[in-house]
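Close look at the chain arrangement
The primary structure of each chain is shown beneath.
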Amino acid sequence: MRSFHCMAAPGSHGNRGAGRRTGVRAAAVALAAGTSVTLAACGGQATGTSPTTSSGKPGEVLTVGFSVQAPETLDPAKAPQNYAWFEELAYEPLILQRSDGSLAPGLATSWSYTGTGNTTFVLHLRQGVKFSDGSSLTAQDVADDLGYVVKSAGQMSPFLAGDTFTATGPLTVTIKATSPNPDFPQILTQDDVVGDIISAKGLRSPSLLGTQTLGAGPYMLDASATVTGDQYTYIPNPNYYDKAEVHWKKVVVKVITDPQSMLNAMKTGQIEVANGDPTTIAAATSTGLTVTSTPDLWMGVTLADRGGALAKPLANAQVRMALNYATDRSAISKALFPGTGAATSQLAPPGGYGYDPSLTSAYPYDVSKAKQLLAAAGYPHGFSLKIVTGDYGGENLMAQALAQQWQQAGVNLQVTDDANSNQFYAAAFGAKFPAFMTVFGQIPTWIEGPSLFLAPASYNPFHTASASLASLYQQEARSSGAQQVLLDQQIEEYLVNQAWFVPIVTIGLPYYATSAVTGTATSAKAPLLELYEVRPAS
Amino acid sequence: MLRDAVRWLVSSLVLLFVITALTFVLASMAPGDAAKAILSSQSGSYTVQQYQQMRHALGIDQPLPVQYWRWLDGVLHGGLGADLFSGQPVTQELNARLGPSLSIIVGTVIVSGLAGVSLGIVSALRGGALGRLVDAVSLAGLAVPNFWLALVLVELLAVRVQVFPATGYAPLSADPGPWLRSIALPVLTLSAGGVAFVAKQTRDSLSEVMSRDFIVMLRARGLSRRSVVLRHALRNAAIPVVTVLGLLLVGLLGGTVLIENVFSIPGLGQEAVTAAGSHDLPVIEGVAFYFAVVVVIANLLVDVSYRLLSPRTRET
């Protein structure tokens, strides 16, 4: 997995693309009933709004196209976020992430931090919930599940590691963290996968979880109609607590990795909803498909060697800023992402975590200023810089464009193009190159830190440490509400001003839908399609 | 006969051993390993200790000969191991993908054989403008890239005129109709080159046979041209054609990878590519084993065909 998939997971043998946080969840009973529910959440009160209820009987079959290689496992504790669709159909999360970015009840009807410092988090569970295997949900199941998540060492496990999970009542679970964690509600949604709760039977036999589903979601895997690696068939879970939110008699997730084949399948009505691809957006639009895309990723360069171990000039912030000024973002955006990308100098997409409108144009294209900064830093004639790139989403083409642009400022960018994703990650995260091309999806800033900018982060392979950044991060961990938003922005501002990166464009993941379905909207805080909201058009 | 059977069996076993051993060595030489791929896919960053533990758990910290022997031992006991990622038995995974691949491959061989032989006969016997047209069509079939033809066929026969599905595979066991429709476009795509090959071989071979003395003698005995061609000439000309069909079948094992991707067919080729990318050695070995078995069977069929077609080979 790639920064694109938010959590700095390298490799995954070329599994790139798809949707991080592709949600699938039937909403809570109260929500389905159209009732507005007020929830205690995240140190304050969050108001849940009602989704549109299912207006009639379920549709026949929803066929979903998945554009990345098939998942290696269906185990929610181990599956990376970009495979969330496969788990979320069958596993109900503790907290539901909606397409508008709001949080709503899932298996937990309410949740809140207690005390100060974001270290104790209490969840109150829904009564009468049964798993697809017929067993009833208990607080102990949830506590055991979260323990299993940590033990499984999956993508999100570091954010729960060291915590204790206790059933403090028949339907009450208390999480005690060893250090402040302001993002428990987000982590426990379907988008981060680990919020999907496994039944006691599944926890007793984890080997089953790779190819079966043992959850309390609206559907369950039909193994007899599933061909691993090709198509995964889900049928309604007879024990699901809110049958009104089961919109389909069958959901088939089909793996189609070729973008043109995916488009053809949609054109011929074989598929109703799919991950799109930048190369087919124009054709999809002209065909009459609904194209949905909300900026979610930034693409650019990680100037990793901020200590100057391999490339001494990068230790100087003026040099890093010069590279930002030497970048003609608009030209690259127009050339490589016409109609889908927007030039930006910051990491956060519009409306995302830490987004500050004033930072979008923090580094306007100015070669003269770049040269001035290089001269001031002691490099009036420029310098040579090695960079490694993978081939995801045109990042290799972006690297070639940068090589030409930075040449104008006297910087000789030497590009190593490594199409093998495993090798690319080994080179990038192994501190073999002072800089590497990056595609990174937005996530809450506190979650982003350990993978992107803190000293141990994968995207910080030279382990650059900053006391002021660490201080902001620690404050952010204890914050909530408006204060947390402000601190997110301050962290963003620090990263931009210190030019740790060269963000170039922000892009969204496109999704295609035919006229046979509705509910494919996305938003800034939930830019990935929430599959559970997809329902028949009529 | 028994001696031939034993000889075939021994050579087949040697072939299977060599192919799987070679695959094992080559796959092991690729950069990275399954432990890295698994740890990366799960959490991104990992410690050296975690890496070593994972290598040990997967058994890939053992010397290569030991690993291969373990795999071979599994084969001798009827198993091909388990997928390192999903934990599923490799045989179970590959069996599910064998049907789609064989459907396409066998379908392509049949279509190529029937159409190629027919065109070859026409070209050899009629000559003139018709013969040249057949030659031109055959050459075009060879020249057209598969993936391009696939896209054209999809656009014409799946998107514009919705006769066939654009993607996917319907199992034969469920319903023959959808199965036939699902493999039609992949088979047509792959057959373009196969038809050309077979047609050219048929034409060359038949032309050569038709010029032999025994054909003249048969005609002199008053046999009709139709009878001479179908009952005598074609039988003599068939051996090189059968050879080409055998080679075509073997070549299709690798050739289906791209087409499986374009048509989103869950075949062995796609599985091989995925497994190679993730260093999933048991699956890689399993695919190699399956392919090798298909090659062995193809060789057997070709040998049997030789014997049926030529009495002389029966005597050797």
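What counts, and at which threshold
- Residues numbered from 1 in each chain as written.
- Chains lettered and ligands numbered in written order.
- Predicted model: local features only at pLDDT ≥ 70, side-chain atom pairs only at ≥ 80, totals over all residues.
- Helix = DSSP H or I, 4+ residues; strand = E, 2+ residues; numbered from the N terminus.
- Buried ≥ 20, exposed ≤ 12 C-beta atoms within 10 Å, placed from the backbone.
- Contact = placed C-beta atoms within 7 Å.
- Pairing = 2+ DSSP bridges.
- Axes fitted to C-alpha atoms, helices over the stretch in contact; angles between N-to-C directions.
- Expected span 1.5 Å × (residues − 1).
- Domains from an automatic or database assignment.
- Nonpolar A, V, L, I, M, F, W, Y, C, P; charged D, E, K, R; others polar.
- Left-handed = near helix turned anticlockwise from the far one by under 90°.
- Core = buried A, V, L, I, M, F, W, Y, C linked by C-beta atoms within 7 Å.
- pLDDT = per-residue confidence, 0-100.

1. Examining the overall build of chain B
Helix and strand content of chain B: 13 helices and 0 strands. When the elements of chain B are put in sequence order from the N terminus, they spell out α-α-α-α-α-α-α-α-α-α-α-α-α. For chain B, the spread of C-alpha atoms along the principal axes amounts to about 85 × 55 × 35 Å. Looking at chain B as a whole, 41% of its 316 residues are labelled buried. In chain B, the proportion of contacts linking residues at least 24 apart, taken out of those at least 6 apart, comes to 73%.

2. Description of the overall build of chain A
For chain A, the helix and strand inventory stands at 15 helices and 23 strands. Of all 538 residues assigned to chain A, the portion counted as buried reaches 61%. Summarising the internal contacts of chain A: among those between residues at least 6 apart in sequence, 71% fall at separations of at least 24.

3. Examining the sheet that holds strand E8 (residues 164-169) of chain A
Across a sheet, strands are paired by hydrogen bonds formed along the backbone, either parallel or antiparallel in direction. All names here are of chain A. Strands sit in the order E6-E7-E9-E8 across an open sheet of 4 strands; the sheet is antiparallel. Of all the strands in the sheet, the pair left with one neighbour each is strand E6 (108-114) and E8. Adjacent strand axes in the sheet meet at a mean angle of 20 degrees, parallel and antiparallel pairs treated alike. Across 6 bridges, E6 lies against strand E7 (residues 120-125) in antiparallel orientation. Note on E7: the bridge partner recorded for Ser 112 is Val 122. In the packing of helix H3 (residues 139-152) onto the sheet, contacts are made with E7, E8 and strand E9 (172-176), and the angle to E8 comes to roughly 180 degrees.

4. Examining helix H4 (residues 64-76) of chain B
When the terminal C-alpha atoms of H4 of chain B are compared, their 18 Å separation across 13 residues agrees well with the 18 Å that a helix rising 1.5 Å per residue should span. Among the residues trailing H4 of chain B, Gly 78 of chain B stands out with phi positive, at a value near 90 degrees.

5. Remarks on the domain arrangement of chain B
Residues and elements named next belong to chain B. One can read the domain layout of chain B as domain 1 (2-90) and domain 2 (93-315). Between the C-alpha centres of domain 1 and domain 2 there is a distance of 32 Å. If you look at the interface, domain 1 gives 23 residues, while domain 2 gives 16 residues. With 9 residues, helix H1 (residues 2-29) is the single largest residue contributor to the side of domain 1 that touches domain 2. Its residues assigned to classes, the side of domain 1 that touches domain 2 comprises 15 nonpolar, 6 polar and 2 charged.

6. Some remarks on the packing of helix H5 (residues 90-126) of chain B against helix H6 (residues 128-143) of chain B
All names here are of chain B. With their axes 8 Å apart at the nearest point, H5 and H6 run at an angle of 145 degrees to one another. Here H5 and H6 pass one another in a crossing that is left-handed. Residues Leu 119, Val 122, Ser 123 and Arg 126 of H5 lie in contact with H6, whose contacting residues are Gly 128, Leu 130, Gly 131, Val 134, Asp 135 and Ser 138. Classifying every residue of the contact of H5 with H6 by side-chain character gives 4 nonpolar, 4 polar and 2 charged.

7. As for the nonpolar core
Core analysis: the biggest nonpolar cluster contains 228 residues, and Val 64, Leu 303, Ala 322 and Ile 387 of chain A together with Val 287 of chain B have the highest contact counts within it. Residue contributions to this core peak at 15 residues, all from helix H10 (residues 225-262) of chain B. Looking at this core, you find at least three residues from each of domain 1 (2-90) and domain 2 (93-315) of chain B. Sequence-distant contacts of Val 64 of chain A, that is, excluding residues within four places in its chain, are made with Trp 85, Val 251, Val 252, Val 253, Lys 254, Ile 271, Val 273, Ala 274 and Leu 531 of chain A.

8. Overview of the pairing of E9 of chain A
As a general feature of sheets, a regular strand has side chains that alternate between the two faces. Residue and element names in this part refer to chain A. Only one face of E9 is buried, namely the one carrying Val 173 and Ile 175, since none of Thr 172, Thr 174 and Lys 176 on the opposite face is buried. In this structure, E7 lies alongside E9, joined through 5 bridges in antiparallel fashion. Note on E9: the bridge partner recorded for Phe 121 is Ile 175. Two strands pair when backbone bridges link them, and E8 and E9 are joined in this way by 5 bridges, in the antiparallel orientation.

9. A few points about the sheet that holds strand E12 (residues 248-255) of chain A
All names here are of chain A. Pairing within the open sheet is mixed, and its 7 strands lie in the order E10-E11-E12-E3-E13-E21-E14. Of all strands in the sheet, those with a lone pairing partner are strand E10 (219-221) and strand E14 (290-292), marking the two edges. Averaged over neighbouring strand pairs, the angle between their axes works out to 20 degrees when direction is ignored. Relative to strand E11 (residues 231-236), E10 runs antiparallel, the two sharing 3 bridges. When the bridges of E11 are listed, Met 220 appears paired with Ile 235.

10. A look at the confidence of the model for chain B
A residue-level look at chain B finds 95% of positions with pLDDT of 70 or above and a mean pLDDT of 84. Reported confidences for the modelled complex are a pTM of 0.78 and an ipTM of 0.73.

11. A short note on the environment of Thr 464 of chain A
All names here are of chain A. On the secondary structure map, Thr 464 appears in the loop between helix H13 (445-452) and helix H14 (467-478). Classification of Thr 464 by C-beta neighbours within 10 Å gives buried; the count is 20. For Thr 464 and Phe 453, which are 11 residues apart along the polypeptide, the C-alpha to C-alpha distance reads 8.2 Å. Discounting chain neighbours no more than four positions away, the residues touching Thr 464 are Arg 306, Gly 307 and Ala 455.

12. Looking at the confidence of the model for chain A
Confidence along chain A averages 86 in pLDDT terms, with 89% of residues attaining 70 or more. Taken together, the stretch residues 1-56 of chain A has pLDDT below 50 and engages in 204 contacts with residues farther than four places along the chain or on a different chain.

13. Regarding the pairing of strand E19 (residues 435-441) of chain A
Residue and element names in this part refer to chain A. For E19, a buried count of 7 out of 7 residues is recorded, marking the element as mostly surrounded by other parts of the structure. In E19, alternate side chains face the same way, and those of Ala 435, Met 437, Val 439 and Gly 441 on one face and Phe 436, Thr 438 and Phe 440 on the other are all buried. Relative to E19, strand E15 (residues 295-303) runs antiparallel, the two sharing 7 bridges. Bridge pairing in E19 places Leu 303 opposite Ala 435. Sheet analysis places strand E17 (residues 383-389) next to E19, joined by 2 bridges and oriented parallel.

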